[in-house]
Amino acid sequence: MNQALLALRSRLDRFGVLLSGLCMIHCLAGLFLVGVLGLGGGVLLNPEIHHIGLVLAIVIGAATIGMGALRHGHRLPLVLGVAGLSLMTAAVMVGHGSAESVLTIGGVLLVASAHVINMRRNSC
């Protein structure tokens, strides 16, 4: 495979892991700041942030995890990625609260794991 394309997919996988981490930090910070301190609800709970994050996760996941599974033939990253994105989609649908937080955190952990496994498979 073209080295430039492989390097681009590797960078996108790393960006996917970073995006997953930022999403989890946003979720946990939202729980703490809004739930405990009563601060930042207008910004942290803005639905547009969640919709944009989900779209980015789907685009980057499809581009890297999907293409990686086609390239290296291992389905585990694809299964983890689809499961994680499904949980994240469900989180957007349930609205704010503890269910959203649990679904989001579970989803981003699965998606980040899929990106890490995908990076390791692509380097083989």
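Residues numbered from 1 in each chain as written. Predicted model: local features only at pLDDT ≥ 70, side-chain atom pairs only at ≥ 80, totals over all residues. Heavy atoms only, no water.

Going by the annotation in an unreviewed UniProt entry, the name recorded for the protein chain is MerC domain-containing protein, with Novosphingobium pokkalii given as the source organism.

Novice: Would you mind going over the overall build of the protein chain in detail, with residue names and values included?
Specialist: The helix and strand tally for the protein chain stands at 5 helices and 0 strands. Walking the protein chain from its N terminus toward its C terminus, one meets helices and strands in the order α-α-α-α-α. Across the 124 residues of the protein chain, 32% fall into the buried class. By sequence separation, contacts in the protein chain at least 24 residues apart represent 72% of the contacts at least 6 residues apart. Of the roughly 6900 Å² of accessible surface on the protein chain, 74% is carried by carbon and sulfur atoms. (Helix = DSSP H or I, 4+ residues; strand = E, 2+ residues; numbered from the N terminus. Buried < 20%, exposed > 50% of the residue type's maximum accessible area, 1.4 Å probe, protein only. Contact = heavy atoms within 4.5 Å. Areas by Shrake-Rupley, 256 points an atom, 1.4 Å probe, with all protein chains shown as cover.)

Novice: Which residues make up the side chain of Glu100, and what values go with them?
Specialist: Looking at where Glu100 falls in the secondary structure, it is placed in helix H5 (residues 98-122). For the buried Glu100, which has no salt bridge, the nearest side chain bearing the opposite charge is Arg14, at an N-O separation of 28 Å. (Lys, Arg positive; Asp, Glu negative; His and termini not counted. Salt bridge = Lys/Arg side-chain N within 4 Å of Asp/Glu carboxyl O.)

Novice: So what about a nonpolar patch on the surface? Which residues, and what values?
Specialist: Taken together, the side chains of Phe15, Leu18, Leu22 and Ile25 present a nonpolar region at the surface, about 380 Å² in accessible area. Under the relative-accessibility criterion, Leu18 is labelled partly exposed at 46%. (Patch = residues over 30% accessible without salt bridge, like charges linked within 9 Å, V, L, I, M, F, W, Y side chains within 5 Å.)

Novice: I'd love a proper account of the confidence of the model for the protein chain, names of residues and values included.
Specialist: Taken residue by residue, the protein chain gives an average pLDDT of 80. The fraction at 70 or more is 84%. Ranking the helices and strands of the protein chain by mean pLDDT puts helix H4 (residues 76-94) first, with 92, and helix H2 (residues 41-44) last, with 58. (pLDDT = per-residue confidence, 0-100.)

Novice: Can you explain the packing of helix H3 (residues 47-72) against H4? Please cite residues and give values.
Specialist: Direction vectors running N to C along H3 and H4 enclose 165 degrees, while the axes themselves pass 9 Å from each other. Here H3 is positioned roughly antiparallel relative to H4, judged by the angle of their axes. The way H3 lies across H4 gives a crossing that is left-handed. Contacts between H3 and H4 involve His50, His51, Leu54, Ala57, Ile58, Ile65, Gly66, Ala69 and His72 on the former and, on the latter, Pro77, Leu78, Gly81, Leu85, Met88, Thr89 and Val92. Looking at side-chain class alone, the contact of H3 with H4 contains 10 nonpolar, 6 polar and no charged residues. (Axes fitted to C-alpha atoms, helices over the stretch in contact; angles between N-to-C directions. Parallel < 35°, antiparallel > 145°, perpendicular 65-115°, else oblique. Left-handed = near helix turned anticlockwise from the far one by under 90°. Nonpolar A, V, L, I, M, F, W, Y, C, P; charged D, E, K, R; others polar.)

Novice: How would you sum up the UniProt feature "transmembrane region" (unreviewed entry) in the protein chain? Please name residues and give values.
Specialist: Taking the numbering used here, the UniProt-annotated feature "transmembrane region" (unreviewed entry) corresponds to residues 12-37, 49-69, 76-95 and 101-119. Taken as a whole, residues 76-95 contains 95% helix and 0% strand, while its terminal C-alpha atoms sit 29 Å from one another. Helix and strand shares over residues 101-119 are 100% and 0% respectively, and the end C-alpha atoms of the span are 27 Å apart. (UniProt positions renumbered as here; feature names shortened; annotations may be inferred.)

Novice: Mind laying out the side chain of Thr64, listing which residues take part and the relevant values?
Specialist: Take Thr64: it is sitting in helix H3. Separated by 2.8 Å, the side chain of Thr64 and the backbone oxygen of Ile60 make a polar contact. At 3.4 Å, the side chain of Thr64 forms a polar contact with the side chain of His115. (Polar contact = N/O pair within 3.5 Å; in protein donor to acceptor, adjacent residues only side chain to side chain.)

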